[in-house]
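# Remarks on the overall topology
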Amino acid sequence: MVFLFYTKFGPVEIFGGFLALSGAFVISYSGGSTLETMFIKGTGVVFFNAAFATTATLVVKTQVKKISPELLNLNRSIWLLLFSVAMFFVMGESVVYSVVAIKSTVIGGLIEFVAILTVYYSYKHIEHRRSSIVSSLKGIVVLIVSFFVFGILPLPHQLVGGIITVVGVLIMAMAQAGLIKFSFLNSNSVK
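Residues numbered from 1 in each chain as written. Predicted model: local features only at pLDDT ≥ 70, side-chain atom pairs only at ≥ 80, totals over all residues. Heavy atoms only, no water.

## Here's the deal with the overall build of the chain
Rules: Numbered from the N terminus, helices here are DSSP runs of H or I no shorter than four residues, and strands are runs of E no shorter than two. Buried means the residue's accessible area, taken with a 1.4 Å probe over protein chains only, is under 20% of the maximum for its type, while exposed means over 50%, and partly exposed covers the values in between. Surface exposure here means Shrake-Rupley accessible area, sampled with a 1.4 Å probe, where a residue is shielded only by the protein chains that are shown.
A tally of helices and strands in the chain yields 8 helices and 0 strands. Going from N to C terminus, the chain has its helices and strands arranged as α-α-α-α-α-α-α-α. The 191 residues of the chain split such that 20% are buried. Roughly 13700 Å² of accessible area belongs to the chain as shown, and the carbon and sulfur atoms make up 74% of that amount.

Written out as structure tokens, the structure reads:
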């Protein structure tokens, strides 16, 4: 993401990035001591997802003034559906579904659709540096709604890692937006 946006980071942003990466490590840690067993399965997929999400964010931020957030979000949802159906056949999954699974999928999809739509509207109406604060809070909103709708929470270490990650991203976003300033090095010395 840093390379795509050519962003320069100061000490506060670097600290926030360190926190975000530390939180991601805590979330994906499985307790193993070797590289193969250290992280939960699918951690590599999350890395690729982050790269694709960064690219999508770049596209949306540049096009959201010309194309409505609803249309951009619908486009995203259709591509996700097509990719999921293709992977369903590629991986040879079974076609048996329960009513609970379908209901949960629809509710989860609607929650995610609304969350992403909120982020896209923030790109349209708020300066891009400040809109990343809204984007970083999306996970918290989805977590709360998921708890009330599905009655589930992440494991304790995943919750702690998520909090660390969100705090790190918020620190980075707020520093980039000029809401947090590191003035220790820039202050004039008192004589």
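## Some remarks on the environment of T62
Note that T62 resides in helix α4 (residues 43-63). T62 gets classed as partly exposed once you look at its relative accessible area, which sits at 46%. Between the C-alpha atoms of T62 and Y123, which are 61 residues apart in sequence, the distance is 9.1 Å.

## A few points about the confidence of the model for the chain
As a reminder of what qualifies: For every residue, the predictor assigns a confidence score, pLDDT, that lies between 0 and 100. Residues are treated as being in contact if the distance between any of their heavy atoms lies within 4.5 Å.
Of the residues in the chain, 80% have a pLDDT of 70 or more, and the chain-wide mean is 76. Confidence, read as mean pLDDT per element, is least for helix α1 (residues 2-5) in the chain (47) and greatest for helix α5 (residues 69-90) (88). A low-confidence stretch, residues 184-191 stays under pLDDT 50, and its non-local contacts, those more than four residues away or across chains, total 0 contacts.

## Quick notes on the nonpolar core
Keep this limit in mind: What is meant by a nonpolar core is a set of buried Ala, Val, Leu, Ile, Met, Phe, Trp, Tyr and Cys residues, joined one to another through side-chain atoms within 4.5 Å.
Within the largest apolar cluster, 7 residues are counted, these being V60, V64, L72, I116, V119, Y120 and Y123. A per-element tally of this core places helix α6 (residues 99-125) first, with 4 residues. Once residues lying within four places of it in the same chain are set aside, the contact partners of V60 are L72, Y120 and Y123.

## Thoughts on helix α2 (residues 11-28)
Defined as follows: Take the number of residues in a helix, subtract one, and multiply by 1.5 Å to get its expected span. The arc in question is the one spanned by the directions pointing from the helix axis to the C-beta atoms.
Taking 1.5 Å per residue as the helical rise, α2 with its 18 residues ought to reach 26 Å, and the 26 Å between its terminal C-alpha atoms agrees with that figure. Three or more residues of α2 are buried, namely V12, E13, G16, G17, L19, A20, G23 and S28. Taken end-on, α2 shows its buried residues confined to a sector of 160°, consistent with a single buried face. Turned more than 90 degrees off the buried face of α2, the exposed positions are I14, F18 and L21.

## A closer look at the packing of aromatic side chains
As a reminder, the rule being used: Here a pair means two rings of Phe, Tyr or Trp (six-membered ring of Trp) with centres within 6.5 Å. Their orientation is stacked below 30 degrees between planes, edge-to-face above 60, and tilted elsewhere.
By the definition in use, this model includes 3 aromatic pairs. Between F88 and F89, the ring centres sit 5.4 Å apart and the planes meet at 80°, which makes this aromatic pair edge-to-face.

## Concerning the pattern of salt bridges
The line we're drawing: A side-chain nitrogen of Lys or Arg and a carboxyl oxygen of Asp or Glu constitute a salt bridge if their distance falls within 4 Å.
Using the criterion set out here, one finds 1 salt bridge in the structure. As a salt-bridge pair, E112 and R76 come within 3.4 Å of each other at their nearest N and O atoms. Taken together, the positions of E112 in helix α6 and R76 in helix α5 put the pair 36 residues apart, joining distant regions of the chain. In this structure R76 comes out as partly exposed when scored by relative accessible area, which is 24%.

## Remarks on a nonpolar patch on the surface
Note the threshold: Here a patch means residues that are over 30% exposed by relative accessible area and free of salt bridges, tied together within 9 Å if like-charged and within 5 Å if nonpolar (Val, Leu, Ile, Met, Phe, Trp, Tyr).
Taken together, the side chains of L137, I140, I144, F147, F148, V149 and L153 define a hydrophobic patch exposed on the protein surface, amounting to about 640 Å² of accessible area. Along the polypeptide, L137 turns up in helix α7 (residues 128-150).

## Things to note about the side chain of T165
Relative to the elements of secondary structure, T165 occurs in helix α8 (residues 156-176). The exposure class assigned to T165 is buried, which follows from its relative accessible area of 19%. Excluding residues that lie within four positions of it along the chain, T165 makes contacts with L19, A20, G23, A24 and I27.

## Description of the packing of α2 against α8
Rules: Here the axes come from fitting lines to C-alpha atoms, over the contacting stretch only for helices, and the angles between their N-to-C directions go from 0 to 180 degrees. For classification purposes, an angle smaller than 35 degrees is called roughly parallel, one larger than 145 roughly antiparallel, one from 65 to 115 roughly perpendicular, and anything else oblique. Note: crossing handedness is left-handed where the near helix turns anticlockwise from the far helix by less than a right angle, and right-handed where it turns clockwise. When residue character is reported, Ala, Val, Leu, Ile, Met, Phe, Trp, Tyr, Cys and Pro are called nonpolar, Asp, Glu, Lys and Arg charged, and the others, Gly included, polar.
Close contact between α2 and α8 brings their axes to 7 Å; oriented N to C, the two are set at 160°. Relative to α8, the element α2 lies roughly antiparallel. Note on packing geometry: the crossing formed by α2 with α8 is left-handed. Grouping the constituent residues of the contact of α2 with α8 by class yields 13 nonpolar, 10 polar and 1 charged.

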